[in-house]
Amino acid sequence: MRRARLRLSGLLWRRPWLKALGLLTPPLAAFLLVYLGSLAVLFISSFWTVNSFTTAIEHHWTLANYRLIFSTAQPYLHIAALTLEIAAAVTLTDAILAFPLAFFMARVAGRRTRAALFVMTLLPLWSSYLVRVYAWQTILAHDGAINWALNGIGLPDQNVAYTNVAMWIVFSYLWLPFMVLPVYAALERIPDSYLEASADLGARSYRTVRSVILPLALPGVVAGSIFTFSLTLGDYITPRLVGGPSSQFIGNVVYSYIGLDANIPFAAAFASVPLLIMGVYLLIARRLGAFEAL
Amino acid sequence: MRRIRKRHLLGVAVFAAVVAAFAVPAAAVQAGSGLPTKIGKGEGKLVVIEWPAYTDPSFANKFEKETGCHIVRHDAGSSSEMFALMNANGGGGGGQYDLVSASGDASLRLIYAHDVKPININLIPSWKHFLPAFKSPPHNTVNGVHYGVSVQWGPNTLIYNTKKVKPAPTGWSAIYSPKYKGKLTVPNNPIQIADAALYLEQTKPSLGIKDPYELTRAQLTAAAELLSRQKPLLKRYWNYATDEDASFKNGDVWMGAGWPYQTLQLQAAKVPVKEIVPLPTTGWADTWMLAAKAPHPNCAYKWMAYVTTPKVEAKQAIVFGETPVNPLACPYMNKLQKGSCAGYHLNEPASYYNKIKFWKTPIAQCGWQKANDCMDYNAWQQAWTQITG
């Protein structure tokens, strides 16, 4: 037994590629088979149709699903645009909110304050997603905390509950930690000497932020935006819970077509749209250097 | 496992021979269709997809004790979820599920997808006492073949906050009128199109709507237009019954379409709400359907027989807030809750039931037109996405 082990370790030492192969095969196989494989199946099935009487899938190739999605007489482009708009708004909001916080954590706060801020940023992630969304439902409701506070200082009610604005607020809250962390990592990596050099060259703090810190932090912001953007793009629960009568996301349509309608080919076709959007987004993000900041 | 199946096969063969020998007229049971003619010994287990509380322990515990069939529950939140579960893993319940408590918007879908199989209705003793409307309703019986047994039903109701909505509403026009703009809610479900169609059947006879579930393209378009005009009046579409409850509770919503279940929940929470059932209305009727690959068919038959007995029907009706299909449940209901038999309309004449249009899956075949040009569920789903998108 011991000799066999020795022989194996000797072999692995003599042939380092064998070691690499052994280490990489399981995760690579899982990635290729489970992840890319299911994506491929999804994509292929989007070119099929369904028999709307028996709900059986009919395997002849057609572009009908895509034609329906890209037809302007249909609501699907509009729904995709709404999803995209909210995802962009959430990303922008989170970037604006996260930058000062991350800057303070990385460059100003002492060790204990930093630790406390870290815990506070991550704390919401310890509770269930649903709990947080339902909490917002109560906060925004007609008799919720916001209206209570507004009325307390003599202001009229807000009517944000069940609107697209409510979705924007809730998504921005949900995904903020995913923006704070990469921005923090990027800011922390900026050497102090750069800032000193900037000051030595006569730059005021505004100029230093604009010309030194922001460009160096940008990859972090873009990395964070990948999270906030893609998480919003794929969500369907928040629109159901806090959205209004016109708050359908791509995910909601996919969900309803998979259910009683059993039109999996169409759902697959529509699900390819966010995939396409994310593909383009990742290409841009790579150009901006986001992957070095992850 | 194999032994059971062998015995089962043998049983089926024997029964088929018996059926052939006596040449039973093909009324409900078609000769040679392989339907069991008696319920065998229980398999010890029963796996169901159900609306929450449809196998409530308050009445299911007794069944488990008597039959030895231990119930495993999978609660579903929507008809979509039920259908998806039944249709997964090769369909027919995937060899995992025995029964599903399908509502009328899903039941035909399950039948035509071959996810459920015919049952011998004569093995359900209470069936012959059922109200006529629920013996062979079009949502669970096709060409005289029963694909399950009706269990309970309820009307779609108009719920309103008595403090805010004055005077009280009198008809369905209330949810299409701008008077309470921004304070209304209706279900997020394509079957809601039938409500609009039924309303148009009354208010716009020129459209020629005969059945709110069998709409031609023009009729579907008209119903969708009505719903598109309704959308700006709504606070939200509700997905789950609890969503609607929450919106009534916190004052976001004053009036909406719902079920007696929500009214009961809200009244129990001391929210000042009442409901009316403006006739005609749509309604739902649920059916216990037998999965095509049910692994425990005997326990399933035992459950269908048990749950339709008057006492159990009464109990389930009170627990869930719905109406039995077995009128013999009436005295038991009154015993459990005074006046509940009349309260849930179990004592109404047949003419009352004709005014409730029960959910059924829209299919292309129009019974009233004897043609194939009605809009099917896929068209309804597309129209609904268009309305809510």
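Conventions adopted
- Residues numbered from 1 in each chain as written.
- Chains lettered and ligands numbered in written order.
- Predicted model: local features only at pLDDT ≥ 70, side-chain atom pairs only at ≥ 80, totals over all residues.
- Helix = DSSP H or I, 4+ residues; strand = E, 2+ residues; numbered from the N terminus.
- Rg over C-alpha atoms; globule rule 2.2 N^0.38 Å.
- Contact = placed C-beta atoms within 7 Å.
- Domains from an automatic or database assignment.
- Nonpolar A, V, L, I, M, F, W, Y, C, P; charged D, E, K, R; others polar.
- Pairing = 2+ DSSP bridges.
- Axes fitted to C-alpha atoms, helices over the stretch in contact; angles between N-to-C directions.
- Core = buried A, V, L, I, M, F, W, Y, C linked by C-beta atoms within 7 Å.
- Buried ≥ 20, exposed ≤ 12 C-beta atoms within 10 Å, placed from the backbone.
- Arc of directions from axis to C-beta.

**Some points on the overall build of chain A**
Stage number 1. In terms of helices and strands, chain A carries 13 helices and two strands.
Stage number 2. Compactness check: chain A gives a C-alpha radius of gyration of 25 Å against a globular reference of 19 Å for 294 residues, more than 25% above the reference.
Stage number 3. Viewed in the frame of its principal axes, chain A has a C-alpha envelope of about 80 × 75 × 40 Å.
Stage number 4. Pairs at least 24 residues apart make up 71% of the contacts formed inside chain A by residues separated by at least 6 positions.

**Here's the deal with the domain arrangement of chain B**
Residues and elements named next belong to chain B.
Stage number 1. For chain B, the assigned domains read domain 1 (38-154 + 284-358) and domain 2 (157-258 + 360-388).
Stage number 2. If you look at the interface, domain 1 gives 11 residues, while domain 2 gives nine residues.
Stage number 3. At the level of secondary structure, the elements contributing two or more residues to the side of domain 1 that touches domain 2 comprise helix H4 (104-112) and strand E14 (356-358).
Stage number 4. Considering every element that reaches the side of domain 1 that touches domain 2, the biggest residue donor is H4, with six residues.
Stage number 5. The residue makeup of the side of domain 1 that touches domain 2, split by class, is four nonpolar, four polar and three charged.

**Quick notes on the sheet that holds strand E8 (residues 184-187) of chain B**
Residues and elements named next belong to chain B.
Stage number 1. Taken together, the five strands give an open sheet; going across it, the order is E9-E8-E10-E7-E11, and neighbouring strands pair in mixed fashion. Of all strands in the sheet, those with a lone pairing partner are strand E9 (234-238) and strand E11 (273-276), marking the two edges. Strand-to-strand twist in this sheet, taken as the mean axis angle between neighbours without regard to direction, amounts to 25°.
Stage number 2. One ladder, built from four bridges, connects E8 with E9; its direction is parallel. When the sheet's bridge partners are listed, Pro187 is paired in E9 with Trp238.

**Concerning the nonpolar core**
Stage number 1. Grouped together as the largest cluster of nonpolar side chains are 159 residues, with contacts concentrated most on Val183 and Phe270 of chain A together with Ile193 of chain B.
Stage number 2. When residues in this core are grouped by element, the largest group, 15 residues, is from helix H8 (residues 164-188) of chain A.
Stage number 3. Within the second largest apolar cluster, 11 residues are counted, among which are Ala314, Phe320, Met333 and Tyr344 of chain B.

**Concerning the interface of chain B and chain A**
Stage number 1. Taken together, the contact pairs 31 residues of chain B with 26 residues of chain A.
Stage number 2. At the level of secondary structure, the elements contributing two or more residues to the side of chain B that touches chain A comprise helix H3 (79-87), H4, E9 and helix H14 (377-388) of chain B.
Stage number 3. Along the lines of polarity and charge, the residues of the side of chain B that touches chain A split into 10 nonpolar, 13 polar and eight charged.

**Notes on H3 of chain B**
Stage number 1. Of the residues making up H3 of chain B, those classed as buried are Ser79, Ser80, Met82, Phe83, Met86 and Asn87 of chain B. Mapping the buried residues of H3 of chain B onto a view down its axis gives an arc of 160°, with all of them on the same face.
Stage number 2. Against helix H12 (250-258) of chain A together with strand E1 (45-50), strand E3 (99-103) and H4 of chain B lie the buried residues of H3 of chain B.
Stage number 3. Once H3 of chain B finishes, Asn89 of chain B follows within two positions and takes phi at roughly 50°, a positive value.

**A look at unusual backbone geometry**
Stage number 1. Note that the residue after Lys166 of chain B, namely Pro167 of chain B, is joined by a cis bond; omega there is -5°.
Stage number 2. As for its placement among the helices and strands, Pro167 of chain B is situated in the loop between strand E7 (157-161) and E8.
Stage number 3. Look at the link from Leu279 of chain B to Pro280 of chain B: it is a cis peptide, with omega at -5°.
Stage number 4. Here Pro280 of chain B shows up in the loop between E11 and strand E12 (281-290).
Stage number 5. For Thr55 of chain A, which is not a glycine, the phi torsion comes out positive at approximately 65°.
Stage number 6. Structurally, Thr55 of chain A is set in the loop between strand E1 (49-50) and strand E2 (57-58).
Stage number 7. Note on Thr55 of chain A: 23 C-beta atoms within 10 Å, which makes it buried.

**Comments concerning the environment of Leu214 of chain A**
All names here are of chain A.
Stage number 1. Position of Leu214 among the secondary structure elements: in helix H10 (residues 205-233).
Stage number 2. The class for Leu214 is exposed, based on 12 C-beta atoms found within 10 Å.
Stage number 3. Between the C-alpha atom of Leu214 and that of Ala186, which follows or precedes it by 28 residues, the distance is 10.0 Å.

**Some thoughts on the environment of Pro219 of chain A**
Residue and element names in this part refer to chain A.
Stage number 1. Residue position: Pro219 is located in helix H10.
Stage number 2. Take Pro219: there are 22 C-beta atoms within 10 Å of it, and that puts it in the buried class.
Stage number 3. Separated by 33 residues in sequence, Pro219 and Ala186 have C-alpha atoms that sit 7.3 Å apart.

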